[in-house]
Amino acid sequence: IREVHQLDVVLYPSRLLPPETIGVWQAGMSELDMTRLVDFYPNGVKDQFMIGTMSGEDIKKLLQDRSRESYSVDVEVAGVRYHVHYVGGIPQFSYFEVERGRPLEDKTQYRVAISEFFYFSGATFPGYKYRNGMNFSFSESSRGVSARSALLAYLRQRRDPPFLTA
């Protein structure tokens, strides 16, 4: 989603990822292999994302709030590396950085994609919108972005996997 839609950050709920499933992207994959890889991800309403803007400060707050609820990674994030360290349920320190080790700036507005299903639906009520106050921190610009379609478009554009660095 991030590369296809030129976004800064994608917030992908961990609960949408299939447990214990591994997909492998190899150079020269056929169209059928790419489709099988994309089929790991949910379709329908769980595949729909909203695009908008959020400040760096609000992104940090959302990630801290979501991790505090389960003391685990509740949201997979593309575009931001972060860690929130808890001891006895109390946050001790955290860091948030964007590409090349630059800090996520509090006052900067970032283009963000977020799951429509987790933002607000009857199944996830109160969802991010009310539980995490995103009705105040997220300025929506469009809806109906498919994560599956974006992934398939990305795979088709790049026949070879990118070089990944830790």
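To keep things clear, this report deals only with the structure shown in the data block. (Residues numbered from 1 in each chain as written. Predicted model: local features only at pLDDT ≥ 70, side-chain atom pairs only at ≥ 80, totals over all residues. Heavy atoms only, no water.)

Observations concerning the sheet that holds strand 7 (residues 139–146)
Right, on to step 1. Here we have five strands laid out as an open sheet, ordered 3-1-6-2-7, and mixed in their pairing. Both edges of this open sheet fall to strand 3 (75–78) and strand 7, since each of them pairs with a single strand only. The mean angle between the axes of side-by-side strands here comes to 25°, regardless of whether they run parallel or antiparallel.
Right, on to step 2. Two strands pair when backbone bridges link them, and strand 1 (residues 9–13) and strand 3 are joined in this way by four bridges, in the antiparallel orientation. Within strand 3, the position partnered with valine 10 by the bridge is alanine 78.
Right, on to step 3. Running at roughly 120° to strand 2 (residues 48–55), helix 2 (residues 56–70) makes contact with strand 1, strand 2, strand 3 and strand 6 (109–115) of the sheet.
Right, on to step 4. Helix 6 (residues 147–157) rests against strand 1, strand 2 and strand 7 of the sheet, and its axis sits at about 70° to strand 7. (Pairing = 2+ DSSP bridges. Helix = DSSP H or I, 4+ residues; strand = E, 2+ residues; numbered from the N terminus. Axes fitted to C-alpha atoms, helices over the stretch in contact; angles between N-to-C directions. Contact = heavy atoms within 4.5 Å.)

Some thoughts on the environment of methionine 34
Right, on to step 1. On the secondary structure map, methionine 34 appears in helix 1 (residues 31–38).
Right, on to step 2. C-alpha of methionine 34 to C-alpha of phenylalanine 120: the two residues are 86 residues apart in sequence and 30 Å apart in space.

Thoughts on unusual backbone geometry
Right, on to step 1. Although it is not a glycine, glutamine 6 adopts a positive phi angle of roughly 50°.
Right, on to step 2. With respect to the helices and strands, the residue glutamine 6 is situated in the segment before strand 1.
Right, on to step 3. Residue glutamine 6 is classed as exposed on the basis of its relative accessible area, which comes to 59%. (Buried < 20%, exposed > 50% of the residue type's maximum accessible area, 1.4 Å probe, protein only.)

Section: the packing of aromatic side chains
Right, on to step 1. Under the defined criterion, the tally for this structure stands at eight aromatic pairs.
Right, on to step 2. Pairing tyrosine 12 with phenylalanine 49 gives two aromatic rings, centres 5.3 Å apart and planes at 25°, and the pair type is stacked. Placement of tyrosine 12 in strand 1 and of phenylalanine 49 in strand 2 is noted, with a sequence separation of 37 residues between them.
Right, on to step 3. Relative accessible area serves as the criterion here: at 11%, tyrosine 12 is assigned to the buried category.
Right, on to step 4. Residue phenylalanine 49 is classed as buried on the basis of its relative accessible area, which comes to 0%.
Right, on to step 5. Every member of this aromatic cluster is reached through a ring pair, and the members are Tyr12, Tyr41 and Phe49.
Right, on to step 6. The cationic tip of lysine 129 hangs over the ring face of phenylalanine 120; the distance from NZ or CZ to the ring centre is 5.2 Å. (Phe/Tyr/Trp six-rings, centres within 6.5 Å; stacked < 30°, edge-to-face > 60°. Lys NZ or Arg CZ within 6 Å of the ring centre and 35° of its normal.)

A short note on the nonpolar core
Right, on to step 1. Membership of the largest hydrophobic core comes to 36 residues, with the highest contact counts inside it found for Ile1 and Leu11.
Right, on to step 2. Of all elements in the fold, only strand 1, strand 2, helix 2, strand 3, strand 4 (81–87), strand 6, helix 3 (116–119) and helix 6 reach the threshold of two or more residues within this core.
Right, on to step 3. Residues in contact with leucine 11, not counting those within four places in the same chain, are Phe49, Met54, Leu62, Leu63, Val75, Glu76, Val77, Val112, Ala113, Ile114 and Ser115.
Right, on to step 4. Among the nonpolar cores identified, the runner-up in size contains six residues, and Met34, Leu37, Val38 and Leu152 belong to it. (Core = buried A, V, L, I, M, F, W, Y, C linked by side-chain atoms within 4.5 Å.)

Details of helix 1
Right, on to step 1. Among the residues of helix 1, those classed as buried are Met34, Leu37 and Val38. The buried residues of helix 1 occupy one face: seen down the axis, they fall within an arc of 100°. (Arc of directions from axis to C-beta.)

Brief notes about the pairing of strand 2
Right, on to step 1. By the criterion of burial, strand 2 is predominantly enclosed, with six of the eight residues buried.
Right, on to step 2. Relative to strand 7, strand 2 runs antiparallel, the two sharing five bridges. Considered in strand 7, the bridge of glutamine 48 is made with serine 146.
Right, on to step 3. Bridge analysis of strand 2 against strand 6 gives seven bridges, and the strand direction is antiparallel.

So, to be careful, I would describe these as geometric facts and stop short of saying anything about function.
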